[in-house]
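Results of the structural survey
Take a look at the letters that make up each chain.
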Amino acid sequence: MAVLLSTKAATMAMWRDALLAVDPTLEIRMFPDAGEPADIEAAVVWTAHDMAELRRYPNLRLIVSMGAGVDHLLRPPGPPPGIPVARLVDRMLTTQMGEWVLLNVLRFHRQDLEYRAQQRDRVWLELDAPVTAERRVGILGLGELGTHAAGLLRGLGFPVMGWTRRPRQVEGVETFHGADGLAAMAARSAILVCLLPLTPETRGIVNAGLLARLPRGAFVINGARGGHVVDADLLAALDSGQVAAAALDVFQPEPLPPEHPYWSHPRVVMTPHAASITIPSSAAPQVVENIHRARAGRPLINLVDFSAGY
Ligand code: GLV
């Protein structure tokens, strides 16, 4: 039996080495060189892989996302019926995302865009002191990533709120849920951070309606998926001053076309879907564990709940 990898060639080579370091007996194939379709027992794939293609493997037992997100696997046509999908729950992914959120919260909180502009213009001018305890941060999504980011922000002294689909308690975090909760949290979020999974319910959640509820001059940070943000609405809010600035790591489509207004917007800080990058050597043990469990018919770990969409 063999494990099929599918992503960029250089990344596949890293995954191959990482998986073999955990279990040297695995046979690894790299797409498109899948070999005999009946050999493939597990597919470890990233966003560009065509789900319809996985229907060619009659003995496929497991699909694994190479990232924390699985929206790319669930969109139509979706995985072959009956085949479980696992995502990565990985300390290094969580740590990197926490750092990226902190970087951007602090960038906005400490008026870094203003000070950079002043430096460019050789302006010596002290701005008002930022008061951490008064800069309320609202996090959309309190899963692995959101809960970790919330803890880091609390540690720095920011008041932290969090919104989830279903009621959820997280120590030290004021939590909200449902449509009313979303509006209530937005109204108090000086900084709004999106770390939600992308599902039909969360697509376009950062839209004109939500942005209008933020306190004037709020900041928006999106490390989740481009599909969460209605770009025209965010650009309008930035241009009107309703939103003071945005930090965006994810876009729709990716790569973002060179003519897109975000690239040159003075109040947009971009990274190219690089906030949190999977490190195969860190993620490989849980993938191998799942391959072994699938072979033995034991319960899998980090499974996606198809009904929830993540
Ligand atoms: C990155 O976007 C991931 O889903 O891990």
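Residues numbered from 1 in each chain as written. Predicted model: local features only at pLDDT ≥ 70, side-chain atom pairs only at ≥ 80, totals over all residues. Heavy atoms only, no water.

1. Some remarks on the site of the ligand
Inspection of the region around the ligand gives Trp46, Gly67, Ala68, Gly69, Arg225 and His273 as its neighbouring residues. In this structure, an oxygen atom belonging to the ligand sits 2.6 Å away from a main-chain N or O atom of Ala68. A distance of 2.5 Å separates an oxygen atom of the ligand from a polar side-chain atom of His273. Bound to the protein, the ligand loses 89% of the 190 Å² it would expose on its own. (Near = heavy atom within 4 Å. Polar contact = N/O pair within 3.5 Å; in protein donor to acceptor, adjacent residues only side chain to side chain. Areas by Shrake-Rupley, 256 points an atom, 1.4 Å probe, with all protein chains shown as cover.)

2. Overview of the domain arrangement of the protein
Taken as a whole, the protein is organised into domain 1 (2-90 + 279-296) and domain 2 (92-270). A straight line from the C-alpha centre of domain 1 to that of domain 2 covers 32 Å. The partner domain 2 presents 7 residues to the 11 residues of domain 1 that form the contact. At the boundary of domain 1 with domain 2, total buried surface from both sides reaches about 770 Å², with 57% on carbon and sulfur atoms. When the buried surface of domain 1 facing domain 2 is broken down by residue, Asp71, Asp90 and Ile279 rank first, second and third, together holding 59% of it. For the pair domain 1 and domain 2, the number of links is 1 salt bridge. Taking the shortest distance from any N to any O, the salt bridge between Arg225 and Asp71 comes out at 2.9 Å. At the junction of domain 1 and domain 2, the tally comes to 4 residue pairs in polar contact (both at pLDDT 80 or more). Within the side of domain 1 that touches domain 2, the residues separate by chemical class into 5 nonpolar, 3 polar and 3 charged. (Domains from an automatic or database assignment. Contact = heavy atoms within 4.5 Å. Buried area = accessible area lost by both parts, 1.4 Å probe. Salt bridge = Lys/Arg side-chain N within 4 Å of Asp/Glu carboxyl O. Nonpolar A, V, L, I, M, F, W, Y, C, P; charged D, E, K, R; others polar.)

3. Brief notes about the environment of Arg267
Secondary-structure assignment places Arg267 in the loop between β11 (243-248) and β12 (268-270). Residues Arg267 and Ala246 lie 21 residues apart in sequence; the distance between their C-alpha atoms is 6.4 Å. Side-chain polar atoms of Arg267 contact the side chain of Glu114, separated by 3.0 Å. (Helix = DSSP H or I, 4+ residues; strand = E, 2+ residues; numbered from the N terminus.)

4. Focus on the nonpolar core
Counting 30 residues, the largest nonpolar core has Leu140, Leu234 and Tyr262 as the members making the most contacts within it. Among the elements of the structure, β7 (160-164), α6 (178-187), β9 (191-194), α7 (208-213), β10 (218-222), α8 (231-240) and β11 are those that each provide at least two residues to this core. In terms of residue count, α8 provides more of this core than any other element does, 4 residues in total. Once residues within four sequence positions are removed from consideration, Tyr262 is found in contact with Val229, Asp231, Leu234, Leu235, Leu248, Phe251, Leu256, Val268 and Met270. Of all hydrophobic cores here, the second largest spans 27 residues; its members include Ala149, Val193, Leu195 and Ile221. (Core = buried A, V, L, I, M, F, W, Y, C linked by side-chain atoms within 4.5 Å. Buried < 20%, exposed > 50% of the residue type's maximum accessible area, 1.4 Å probe, protein only.)

5. With respect to the pattern of salt bridges
Between side chains of opposite charge, a pair can form when the charged atoms approach closely. Scanning all chains against the criterion turns up 12 salt bridges. For the salt bridge of Asp112 with Arg116, the shortest nitrogen-to-oxygen distance reads 2.5 Å. Of this pair, Asp112 and Arg116 both sit in helix α4 (residues 112-120), 4 residues apart, which is roughly one turn of that helix. You can call Asp112 partly exposed: its relative accessible area is 24%. Judged by its relative accessible area of 38%, Arg116 falls in the partly exposed class. As a salt-bridge pair, Arg267 and Glu114 come within 3.0 Å of each other at their nearest N and O atoms. One end of the pair, Arg267, is in the loop between β11 and β12; the other, Glu114, is in helix α4, with 153 residues separating them in the sequence. The network of salt bridges with common partners includes Glu27, Arg29 and Asp39.

6. Details of the packing of aromatic side chains
Tallied over the entire structure, the rule returns 2 aromatic pairs. Arranged with centres 4.7 Å apart and planes meeting at 10°, the rings of Phe108 and Phe219 form a pair that is stacked. With Phe108 in helix α3 (residues 91-109) and Phe219 in strand β10, the pair connects residues that are 111 residues apart, well separated along the chain. Here Phe219 falls in the buried class, since its relative accessible area comes to 8%. (Phe/Tyr/Trp six-rings, centres within 6.5 Å; stacked < 30°, edge-to-face > 60°.)

7. Points about the packing of α3 against helix α5 (residues 144-156)
Across the interface, α3 lies against α5 with an axial gap of 9 Å and an inter-helix angle of 45°. Classified by the angle between their axes, α3 and α5 sit oblique to one another. The two elements α3 and α5 meet at a crossing, and its hand is right-handed. Every residue of α5 that contacts α3 at Arg91, Leu93, Thr94, Thr95, Met97, Gly98, Glu99, Val101, Leu102, Val105 and Leu106 is listed here: Glu144, Leu145, His148, Ala149, Leu152, Leu153 and Leu156. For the contact of α3 with α5, the per-class residue count stands at 11 nonpolar, 4 polar and 3 charged. (Axes fitted to C-alpha atoms, helices over the stretch in contact; angles between N-to-C directions. Parallel < 35°, antiparallel > 145°, perpendicular 65-115°, else oblique. Left-handed = near helix turned anticlockwise from the far one by under 90°.)

8. So, the pairing of β10
Most of β10 sits out of view: 5 of its 5 residues are buried. Where burial is concerned, the two faces of β10 agree: the one with Ala218, Val220 and Asn222 and the one with Phe219 and Ile221 are both buried. Here 5 bridges tie β10 to β11, and the two strands are oriented parallel to one another. Within β11, the residue paired with Phe219 across the bridge is Ala245. Read as a crossover between parallel neighbours, the route from β10 over α8 to β11 is right-handed. (Pairing = 2+ DSSP bridges. Right-handed = clockwise from strand over helix to strand, strands pointing away.)

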